[in-house]
Amino acid sequence: MQNTKFIALDIGSGKLRLCAVEVNEGIINIRGNYEIDYDGVVDGQFLEDSTELQDSLRELFSDVDTEEYSKVYVNVPSDFCGLIKKTITKTFSTPIEFDNALRNEFLKGAQIDPSEIDGGIVLKKILGDFLPHSSTQIAGQHGQEDLTADVDFIYASKEFIAKMDELLQICGLTDISYKCGIVEQAMQMTKSSFRDMGVVLIDTGYLLTSVVAVKGDKVESLYSFDLGGAHITTDLSEAFKISFKVAENLKQKVLLTVDPSEVDYYVVTDEKTQKEYELKASDVNQVVRARIEHIAKMVSKCVTEEQGIYQFLVTGGGLCEMKGALDILSSALGVVCKAEKLEMGVLEEYSESAIASLIKSAYMSEKIGYQNMPFYKKWWQKIKSVFKR
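Residues numbered from 1 in each chain as written. Predicted model: local features only at pLDDT ≥ 70, side-chain atom pairs only at ≥ 80, totals over all residues. Heavy atoms only, no water.

Another point: the packing of aromatic side chains. This structure, assessed with the given rule, holds seven aromatic pairs. A ring pair is formed by Phe6 and Tyr73, whose centres lie 5.5 Å apart and whose planes are at 80°; its orientation type is edge-to-face. Here the residue Phe6 occupies a position in strand 1 (residues 4–11), and Tyr73 occupies one in strand 6 (residues 71–76), the gap between them amounting to 67 residues. The exposure class of Phe6 is buried, given its relative accessible area of 0%. Taking the relative accessible area as the measure of exposure, Tyr73 reaches 3% and is therefore buried. In this arrangement the basic side chain of Lys5 is found over the ring face of Tyr69, its NZ or CZ atom lying 5.5 Å from the centre. In this structure, Lys341 is placed above the aromatic ring of Tyr350, and the distance from its NZ or CZ to the ring centre is 4.8 Å. (Phe/Tyr/Trp six-rings, centres within 6.5 Å; stacked < 30°, edge-to-face > 60°. Helix = DSSP H or I, 4+ residues; strand = E, 2+ residues; numbered from the N terminus. Buried < 20%, exposed > 50% of the residue type's maximum accessible area, 1.4 Å probe, protein only. Lys NZ or Arg CZ within 6 Å of the ring centre and 35° of its normal.)

With that out of the way, let us pick up helix 3 (residues 158–170). Each turn of an α-helix holds 3.6 residues, which means side chains three or four residues apart point in the same direction. Taking 1.5 Å of rise per residue, 13 residues should cover 18 Å, and helix 3 covers 18 Å from first to last C-alpha, within 8% of that figure. Considered for burial, the residues of helix 3 that qualify are Phe160, Ile161, Met164, Leu167 and Leu168. Buried residues of helix 3, seen end-on, are gathered within an arc of 140° and therefore sit on one face of the element. Every exposed residue of helix 3 that faces more than 90 degrees away from the buried side is listed here: Glu159 and Glu166. Positive backbone phi, approximately 95°, marks Gly172, located one or two places after helix 3. (Expected span 1.5 Å × (residues − 1). Arc of directions from axis to C-beta.)

We now examine helix 9 (residues 325–333). The complete set of buried residues in helix 9 reads Ala325, Leu326, Ile328, Leu329, Ser330 and Leu333. On its buried side, helix 9 packs onto strand 12 (199–204), helix 8 (281–300), strand 17 (311–315) and strand 18 (337–339). One or two steps after helix 9, the chain reaches Gly334, where phi turns positive at roughly 75°. (Contact = heavy atoms within 4.5 Å.)

This part covers the sheet that holds strand 1. Taken in spatial order, the five strands make up an open sheet running 3-2-1-6-11, and their pairing is mixed. The sheet is open, and its two borders are formed by strand 3 (27–37) and strand 11 (175–180), each paired with just one other strand. Adjacent strand axes in the sheet meet at a mean angle of 20°, parallel and antiparallel pairs treated alike. Bridge count for strand 6 against strand 11 is six bridges, and the pairing is parallel. Looking at the pairing, Tyr73 lines up with Ser177 of strand 11. Each of strand 1, strand 2 (15–24) and strand 3 is contacted by helix 1 (residues 50–61), which is oriented at about 35° to strand 2, the strand it contacts most. Strands strand 1, strand 6 and strand 11 of the sheet are contacted by helix 3, whose axis makes an angle of about 145° with strand 11. (Pairing = 2+ DSSP bridges. Axes fitted to C-alpha atoms, helices over the stretch in contact; angles between N-to-C directions.)

Under the definition given, this model contains 17 salt bridges. Between Lys5 and Glu68 there is a salt bridge whose closest N-O contact spans 2.3 Å. One end of the pair, Lys5, is in strand 1; the other, Glu68, is in the loop between helix 1 and strand 6, and 63 residues separate them in sequence. Taking relative accessible area as the criterion, Lys5 reaches 30% and is therefore assigned partly exposed. (Salt bridge = Lys/Arg side-chain N within 4 Å of Asp/Glu carboxyl O.)

The axes of two packed helices give the description: the angle between them and the distance between them. Taken N-terminus to C-terminus, the directions of helix 6 (residues 229–240) and helix 8 make an angle of 140°; their axes are 10 Å apart at the nearest point. On the basis of the axis angle, helix 6 is oblique to helix 8. In terms of crossing hand, the pair formed by helix 6 and helix 8 is right-handed. Here helix 6 contributes His231, Ile232, Asp235, Leu236, Ala239 and Phe240 to the contact with helix 8, which in turn contributes Asp283, Val284, Val287, Val288, Arg291 and Ile292. (Parallel < 35°, antiparallel > 145°, perpendicular 65-115°, else oblique. Left-handed = near helix turned anticlockwise from the far one by under 90°.)

Further remarks concern the sheet that holds strand 12. The five strands lie next to each other as 14-13-12-17-18, forming an open sheet whose pairing is mixed. Each edge of the open sheet is held by one strand with a lone partner, namely strand 14 (218–225) and strand 18. The sheet shows a mean angle of 20° between the axes of neighbouring strands, direction not considered. In this sheet, strand 13 (residues 209–215) lies alongside strand 12 in antiparallel orientation, the contact comprising six bridges. From the neighbouring strand, Ile202 faces strand 13, where its bridge partner is Val211.

Our next topic: the nonpolar core. Grouped together as the largest cluster of nonpolar side chains are 62 residues, with contacts concentrated most on Leu9 and Leu168. Ignoring any residue separated from it by four or fewer positions in sequence, one finds Leu168 in contact with Leu9, Phe61, Val72, Val74, Leu173, Ile176 and Tyr178. Counting residues in hydrophobic clusters, the runner-up holds 42 residues, among them Ile242, Tyr277, Val299 and Cys337. (Core = buried A, V, L, I, M, F, W, Y, C linked by side-chain atoms within 4.5 Å.)

What follows is the structure, given as structure tokens:
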């Protein structure tokens, strides 16, 4: 594969993350890693207006040479994504050979009426198995047969795409590709053989929790709801009449793996006023437990009875970094929930799995794009790379 450079941009529910990526001889190198806080996303809407969001993106891109890194891959939050499953029939000439070429041709021609996705933009099409006895000769048309298969259409809101296109173009970027963040995490964080058993991936972020169920390479369901780690912080702030910042520090001290005694307390200090708070550990844990059980109740609404026997994985910074949180989540759901993350270079945190998965997916897209490139274009790319040196 030819050496390439691109930007990975993760639109989180509370942070914007950017990585400048360079691929040399198939090795992924992260040349820049930046993040900033912003107001976030709730109920499919940015909490910042366009001007504020533009300022946030300008700040994020300020240290990146957008002429050198001109292509950008964007993670679309699940609040802006949807899933439509369709049974598609297409006509092929006989004899039919069921190989990858046929699957690719079938998928390429599979279309969906824009009205079915509210005018949204299709990000990914996933082909299932051809239906049994789906190959039927067309009456009166010798040498032609119909094939039928199920296709998953993953799509994004047209409003989101239009807004991000506009904002990124102002930053000097015009070569923009979009991917559904939670779907790419499910595919990139697990092996196909593991997904064959069925996987439910729960990504709990700052303001948003995403839930996707996959089996093999098929997406069975895709949901999101507006609950995350910030809601736990808010609960603590309101319950104990402390500032949000002090509540965030308190949350980081919470230990849910053991039941505290009557004499156990958490001690936190307000750095601004230097006031010290001693809060009864059992009361604090009860507040946190109630919110985690609320999140579990919402997750259960996103999972079918059949999917209840799948492997449950949890990622994101909302729960995974709180000791004992997954034990409560597991108990409330009646399944074992295992923390999972994708590490890549400097990206080591659960909250960074989304952008790590995006980078891995973008690399595969670049690789496939290069493999499908005409020979003369490959040759021209090599010539240009020699002169750049």
